Structure formats: structure tokens, C-alpha cells
Amino acid sequence: MTQWKPICRVDDIPVLGARRVARAQGADVAVFRTAQDKVFALLDRCPHKGGPLSQGLVFGEHVACPLHNWAIGLHDGCAQAPDHGCTPRFSVRVEGGEVYLDAEELQTIAVDDSELQAQALLRRVAA
Ligand code: FES
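Residue positions are counted from 1 within each chain, in the order its sequence is given. Per-residue local features are limited, in this predicted model, to residues with pLDDT of at least 70; the limit for side-chain atom pairs, both in listing and counting, is 80 or more; totals at the level of whole chains, interfaces and linings are taken over all residues. Only hydrogens and water are set aside; all other atoms, that is, all heavy atoms of the structure, feed into the side-chain values.

For two strands to be treated as a pair, DSSP must find at least two bridges joining them. The numbering of helices and of strands both runs from the N terminus, where a helix is a DSSP run of H or I of at least 4 residues and a strand a run of E of at least 2. With respect to topology, three strands assemble into an open sheet ordered S5-S6-S7, the strand pairing being antiparallel. In this open sheet, the two edge strands, each paired with only one partner strand, are strand S5 (57-59) and strand S7 (71-73). In this sheet, neighbouring strand axes are inclined to one another by 30° on average, regardless of whether the strands run parallel or antiparallel. One ladder, built from three bridges, connects strand S6 (residues 62-64) with S7; its direction is antiparallel. Opposite Ala-64, over in S7, you have Ala-71 as the bridge partner. Every axis corresponds to a line fitted to the C-alpha atoms, with the helix fit spanning only the stretch in contact, and the corresponding angles, defined between N-to-C directions, vary from 0 to 180 degrees.

Quick look at the structure:
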């Protein structure tokens, strides 16, 4: 059974913006709010070069990375073609104006974060 962890209220997230949620493991999750008050959560790290997606602008159901303007899908964390790559996404539940994330998923993706760091290191070595 899913254990939903309360994160913040929908109203705490700026419309067409984001709010970062610090995790115990040190990586951040960003929660995004669309114009229609839909809420999504992604790791706050662009799949391109790690830009802080929480500082990008939300348009439709995408966020524009503030570093090089890649459009990242909020529903899947993936870059819009011709760019490619995905950042981890998190399940979100909104109930009574409160935003919840899956506690177990946060733990799992925190473990996977070491893989992301390894990939970033490989990209730097290959560049
Ligand atoms: S780091 Fe996000 S587009 Fe380059």
C-alpha cells in the first residue's frame, strides 16, 4: 500500500512555477503547478546538464530548463525531440488542496540518484 507523504499545499506552489522539496538524501525534488492547477513532481535536475528545473518556466505540461531552454515533459520527465534524455518523475497525489508524494518512491529514486551521477560523470569524461 502506498504511503503518501505530505509535501506542501497546492497554493504554496506558484502558478506556472515550482517549489523545491529537500530530501534527506540530499537530492531535491521539484513540484510544478500548471495554469490548470495540475501538479507534477520531477527530480530537480535537467537530463541535459543538470540545470535546476525548479527555476524554469512552466508552459502547458512542460517546463523550460533555465540553462539551455530544453522543454522537459512534466508527465514523464523527458526532453522534447530533438533533444533526448529523461529525469526521474515522481507520483503525485493531490487531496483537499494538499500535495503528497509516494514515500517509498522517494527512497527508491534516491538510490537511483547515484546512477544519475555516474551518467553525468561519464558524459563529462566523454566530452
Ligand atoms: S541543463 Fe537543462 S537544457 Fe541544458
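From this point on, the discussion continues.
So, on to unusual backbone geometry. Cis geometry marks the peptide bond from Ala-81 to Pro-82, where omega comes out at 10°. Checked against the element boundaries, Pro-82 lands in the loop between S7 and strand S8 (89-90). A positive phi is found at Asp-37, a non-glycine position, where the angle reads about 65°. Its place among the elements puts Asp-37 in the loop between strand S3 (28-33) and strand S4 (39-43). Here Asp-37 falls in the partly exposed class, since its relative accessible area comes to 41%. We call a residue buried when its accessible area falls under 20% of the maximum for its residue type, exposed when it is over 50%, and partly exposed in between, using a 1.4 Å probe and counting protein chains only.

By the secondary structure assignment, Thr-34 is in the loop between S3 and S4. The contact criterion used is simple: two residues touch if any of their non-hydrogen atoms lie within 4.5 Å. Not counting residues up to four positions away in its chain, the partners in contact with Thr-34 are Val-15, Leu-16, Phe-40, Val-58, Gly-60, Glu-61 and Leu-74.

Judged by pairing direction, the sheet is antiparallel, and its three strands sit side by side in the order S1-S10-S9 without closing on themselves. Two strands bound the open sheet, and with one partner strand each, they are strand S1 (4-9) and strand S9 (92-95). Each strand axis lies, on average, 30° off the axis of its neighbour in the sheet, ignoring direction. Pairing analysis gives four bridges linking S9 to strand S10 (residues 98-102), with the strands arranged antiparallel. Of the residues in S10, the one forming a bridge with Val-94 is Val-99.

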